[in-house]
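Chain and residue survey
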Amino acid sequence: MFDFEKFDELESFDEKIKYADDELLLIGTGNTRFVYALDDSRVLKVARNEEGIFSNNIEKHYSEVRERQ
C-alpha cells in the first residue's frame, strides 16, 4: 500500500519514482512528470526533475484558486 509519509521522506527523484513504480499503476508520462493512479478518481504526479516540481506547484496554485471561487 502506498504510504505518503514514506514517499515524502525519500530525497531523490529516482527514489520517489522507484517507490511509486513499485506501489502504484503508471498511467502516463510527460517530459517532467510521471502520472500514477491512486484510485479511480485521483492521480499522483511525480516530478522527474526541477521542472516537474515547478509544474506541480503551478497546478497546486490553480487548484487552490478554483477552490476559493
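Before reading further, recall that the structure is shown in the block above.
To start, this report covers the structure provided alongside it. Bear in mind that the values here come from a model prediction, so they are computed numbers and not experimental data. (Residues numbered from 1 in each chain as written. Predicted model: local features only at pLDDT ≥ 70, side-chain atom pairs only at ≥ 80, totals over all residues. Heavy atoms only, no water.)

1. As for the sheet that holds strand β2 (residues 33-37)
Ordered by their spatial adjacency, three strands build an open sheet running β1-β2-β3, and the pairing between neighbours is antiparallel. Looking at the sheet topology across the chains shown, the edges are occupied by β1 (25-29) and β3 (43-47). When the angles between neighbouring strand axes are averaged without regard to direction, this sheet yields 30°. Lying over the sheet, helix α2 (residues 13-23) contacts β2 and β3, oriented at roughly 150° with respect to β3. Packing of helix α3 (residues 50-68) onto the sheet brings it into contact with β2 and β3, and relative to β3 it is tilted by some 140°. (Pairing = 2+ DSSP bridges. Helix = DSSP H or I, 4+ residues; strand = E, 2+ residues; numbered from the N terminus. Axes fitted to C-alpha atoms, helices over the stretch in contact; angles between N-to-C directions. Contact = heavy atoms within 4.5 Å.)

2. What about the pairing of β3?
Pairing geometry for β2 and β3, over five bridges, is antiparallel. By the bridge assignment for β3, A37 is matched with V43. The loop that links β2 with its antiparallel partner β3 comprises five residues.

3. Quick notes on the nonpolar core
In terms of nonpolar packing, the biggest core is built from ten residues, these being F2, F7, I17, Y19, A20, L24, F34, Y36, L44 and V46. Considering every element that reaches this core, the biggest residue donor is α2, with three residues. In this structure F34 touches I17, L26, G28, T29, L44, K45, V46 and R48, once residues within four positions along its chain are discounted. (Core = buried A, V, L, I, M, F, W, Y, C linked by side-chain atoms within 4.5 Å. Buried < 20%, exposed > 50% of the residue type's maximum accessible area, 1.4 Å probe, protein only.)

4. Examining the pattern of salt bridges
Taken as a whole, this structure holds five salt bridges when the rule is applied. A salt bridge links K45 to E59; the shortest N-O distance between them is 3.1 Å. Of this pair, K45 sits in strand β3 while E59 sits in helix α3; the two residues are 14 residues apart in sequence, bridging distant segments of the chain. Here E59 falls in the partly exposed class, since its relative accessible area comes to 33%. K60 is paired through a salt bridge with E64; the nearest N and O atoms lie 3.9 Å apart. Of this pair, K60 and E64 both sit in helix α3, four residues apart, roughly one helical turn. (Salt bridge = Lys/Arg side-chain N within 4 Å of Asp/Glu carboxyl O.)

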